[in-house]
Amino acid sequence: AKTLFIDVRTRGELQFVGMTHEIDGQVAFVEMNEFGEWDAANNRFKLDANPVFSQSVDKLLAAKGLSKSDRVIVMCRSGDRSARAVNLLADAGYTNIWNQIEGFEGDLSKDGRRDVNGWKNAGLPWTYKLDKAKVSLPQK
């Protein structure tokens, strides 16, 4: 099928939480701040937007011989970042974009764990073994 399936989680999330080799590629929507700055409002390390996100998706799309009117499925941890990524890609001219709504890990349970739904909890294929050809590497 004419579909591009991308994971927009960070490299660290793929490294430590796992990935599915079903994706065509990973393009982080945000990445950990390189200086380790703290985001007091969200009680976590600061995340910086990927300034070349849509251009990086464009490259994956072209490598697969697809156009911005072909189907693109976007996945993140729980569906929130991927929803924002869908909006950004729509602004960049993509017209057939889908959010994998539960993400890779799914929603938080009442115990604060991501064991309710999502790709991993649905028994879909995933692994801790990274596929170097499908992950974004730092630009030199």
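Right above here is the structure, for reference.
Heads up: these notes are all about the structure in this document.

### A few points about the packing of helix α2 (residues 53-63) against helix α3 (residues 80-91)
- Orientation of α2 relative to α3, taken along the N-to-C sense of each, is 80°, at an axis distance of 10 Å. One element, α2, and the other, α3, form an angle in the roughly perpendicular class. Each of F53, S54 and V57 in α2 lies in contact with α3, whose residues at this interface are A85, L88 and L89.
- Across the contact of α2 with α3, the residue classes tally to 5 nonpolar, 1 polar and no charged.

### Section: the side chain of Q26
- Assignment of secondary structure puts Q26 in strand β2 (residues 25-26).
- Overall, the relative accessible area of 3% leaves Q26 in the buried class.
- Within the local environment of Q26, its side chain forms a polar contact with the backbone nitrogen of S136, the two atoms lying 2.8 Å apart.

### Notes on the packing of aromatic side chains
- Summed over the entire model, instances satisfying the criterion amount to 5 aromatic pairs.
- Judged by centre distance (5.1 Å) and plane angle (80°), the ring pair of W38 and F45 falls under edge-to-face.
- For F45, a relative accessible area of 43% gives the class partly exposed.
- Considering the side-chain rings of W126 and Y128, the 5.0 Å spacing of their centres and the 80° angle between planes classify their relative orientation as edge-to-face.

### Points about α3
- Relative to the 16 Å expected for 12 residues at 1.5 Å per residue, α3 spans 17 Å between its end C-alpha atoms, a close match to the ideal helical length.
- Taken residue by residue, α3 has R81, S82, A85, V86 and L89 as its buried positions. When α3 is viewed along its axis, its buried side chains cluster within an angular range of 145° and face the same direction.
- As for α3, its buried residues are in contact with α1 (11-17), β3 (30-32), α2, β7 (71-75) and β8 (97-99).
- G93, located one to two residues past α3, shows a positive phi value of around 100°.

### Structural notes on the pairing of strand β1 (residues 3-7)
- In terms of burial, β1 is largely enclosed, as 5 of its 5 residues are buried.
- When β1 meets β7, the two strands line up parallel, connected through 5 bridges. In the strand pairing of β7, I6 is matched with V74.
- Of the strand pairs in this sheet, β1 and β2 are connected by 2 bridges, and their pairing is parallel. Counted as the bridge partner of D7 is Q26 from β2.

### Observations regarding the pattern of salt bridges
- Evaluation of the coordinates by the stated rule reveals 7 salt bridges.
- R11 serves as the salt-bridge partner of E31, at 3.9 Å between the closest nitrogen and oxygen. Of this pair, E31 sits in strand β3 while R11 sits in helix α1, and the two are 20 residues apart along the sequence.
- According to the relative accessible area criterion, R11 is partly exposed, its value standing at 35%.
- Where D80 meets R84, a salt bridge forms, and the shortest distance between an N and an O atom there is 2.9 Å.

Procedures and definitions
- Residues numbered from 1 in each chain as written.
- Predicted model: local features only at pLDDT ≥ 70, side-chain atom pairs only at ≥ 80, totals over all residues.
- Heavy atoms only, no water.
- Axes fitted to C-alpha atoms, helices over the stretch in contact; angles between N-to-C directions.
- Helix = DSSP H or I, 4+ residues; strand = E, 2+ residues; numbered from the N terminus.
- Parallel < 35°, antiparallel > 145°, perpendicular 65-115°, else oblique.
- Contact = heavy atoms within 4.5 Å.
- Nonpolar A, V, L, I, M, F, W, Y, C, P; charged D, E, K, R; others polar.
- Buried < 20%, exposed > 50% of the residue type's maximum accessible area, 1.4 Å probe, protein only.
- Polar contact = N/O pair within 3.5 Å; in protein donor to acceptor, adjacent residues only side chain to side chain.
- Phe/Tyr/Trp six-rings, centres within 6.5 Å; stacked < 30°, edge-to-face > 60°.
- Expected span 1.5 Å × (residues − 1).
- Arc of directions from axis to C-beta.
- Pairing = 2+ DSSP bridges.
- Salt bridge = Lys/Arg side-chain N within 4 Å of Asp/Glu carboxyl O.

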